Amino acid sequence: MTPLSPYQQDLRDRLLAVPVVPAPAPWKPVFESCAAVGGLLGIGFATHPDSGDDLVMVVSTAGHGLFDAVTGERLARDRDPDPETSTPDAAADLTCPGLGPIAGSRVHIAGLYGGGLHTTATGGWHVEVVSPAWPNDRVLLSRGSGMPHREPHGEGWWHVFHSHYSELRAVGFSPSGRTLAVATSSDVTLWTRPPSP
């Protein structure tokens with residue numbers, strides 16, 4: 001095993017030392033803590049056809065669910081989806097059929113079977129996953145050039161999630177950039193921000 005350089009060791013030590021903090025304004029948590037989803041396989045984003053709000057589709061071993069990413073309200077639930085299309089690996093483009101207000105459409109799902117979510121959003125926001133104490137992943141939210149090696153924690157970058165109890169499945173922004181999601185094998189955590197003026 002190749003030893004870490006002094007720079008790498010310093011960065012690792014810095015990442016291990018910082019606590020989880022709330023996401024900065026204008027980000028607000030959608031749930032009090034998270035939405036429990038046992039056996040979560042992946043998540044994907046869609047847009048509500050009436051309100052234009054972000055929606056989060058959750059695919060798990062117990063079925064499919066759809067949440068409003070602004071209010072956290074569960075809009076639809078399918079406990080018994082068609083086995084032929086119940087997981088994203090059944091489709092070449094990693095999609096599952098939508099439900100509730102997005103029935104008739106297909107939603108790209110990122111998670112256990114692959115795929116990915118946006119890692120940047122308007123306003124200079126970035127999200128990344130680091131693992132200084134693998135297999136426990138940490139989610140860092142940053143703005144501008146606020147990477148961990150440039151500014152103090154809480155001034156340009158924030159450690160907003162620590163996956164020490166479940167396996168990380170997907171992390172990223174909605175295509176609109178108004179929702180940030182972290183999905184693990186047991187739950188989903190969402191943050192929202194108002195639309196840009």
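Residues numbered from 1 in each chain as written. Predicted model: local features only at pLDDT ≥ 70, side-chain atom pairs only at ≥ 80, totals over all residues. Heavy atoms only, no water.

### Quick notes on the pairing of strand 12 (residues 136-143)
Every regular strand shows the same layout, with side chains that alternate between the two sheet faces. Judged by how many residues are buried, strand 12 sits mostly within the fold: 6 of 8 residues are covered. Direction of pairing for strand 11 (residues 125-133) relative to strand 12: antiparallel, over a ladder of 7 bridges. Following the sheet pairing, alanine 133 is matched in strand 12 by asparagine 136. In textbook terms, the turn of a hairpin is the stretch between consecutive antiparallel strands, and for strand 11 and strand 12 this stretch comprises 2 residues. Inspection of the sheet shows strand 12 paired to strand 13 (residues 157-163) by 6 bridges, in the antiparallel sense. In the sheet register, arginine 138 faces strand 13, and the bridge partner there is histidine 162. (Buried < 20%, exposed > 50% of the residue type's maximum accessible area, 1.4 Å probe, protein only. Helix = DSSP H or I, 4+ residues; strand = E, 2+ residues; numbered from the N terminus. Pairing = 2+ DSSP bridges.)

### Description of the sheet that holds strand 4 (residues 54-60)
For sheets, the rule is that strands pair by backbone hydrogen bonds, running either parallel or antiparallel. Here 5 strands make up an open sheet; going across it, the order is 6-5-4-3-9 and the pairing antiparallel. Unpaired on one side and paired on the other, strand 6 (74-78) and strand 9 (110-111) mark the two borders of the sheet. In this structure, strand 3 (residues 40-47) lies alongside strand 4, joined through 7 bridges in antiparallel fashion. Within strand 4, the position partnered with leucine 40 by the bridge is serine 60.

### Re the nonpolar core
One broad rule of soluble globular proteins: the nonpolar side chains tend to lie buried together. Judged by nonpolar contacts, the single largest core of 18 residues is most densely connected at Phe31, Leu40, Ile43, Val56, Val58, Val188 and Leu190. When residues of this core are traced back to their parent elements, those giving at least two are strand 3, strand 4, strand 15 (179-184) and strand 16 (187-192). The leading source of residues in this core is strand 3, at 3 residues. (Core = buried A, V, L, I, M, F, W, Y, C linked by side-chain atoms within 4.5 Å.)

### With respect to the sheet that holds strand 11
Spatially, the 4 strands line up as an open sheet ordered 10-11-12-13, and their pairing is antiparallel. What marks the edges here is a single partner per strand, and that holds for strand 10 (120-121) and strand 13. Along the sheet, helix 1 (residues 6-17) makes contact with strand 11, strand 12 and strand 13, crossing strand 11 at roughly 100°. (Contact = heavy atoms within 4.5 Å. Axes fitted to C-alpha atoms, helices over the stretch in contact; angles between N-to-C directions.)

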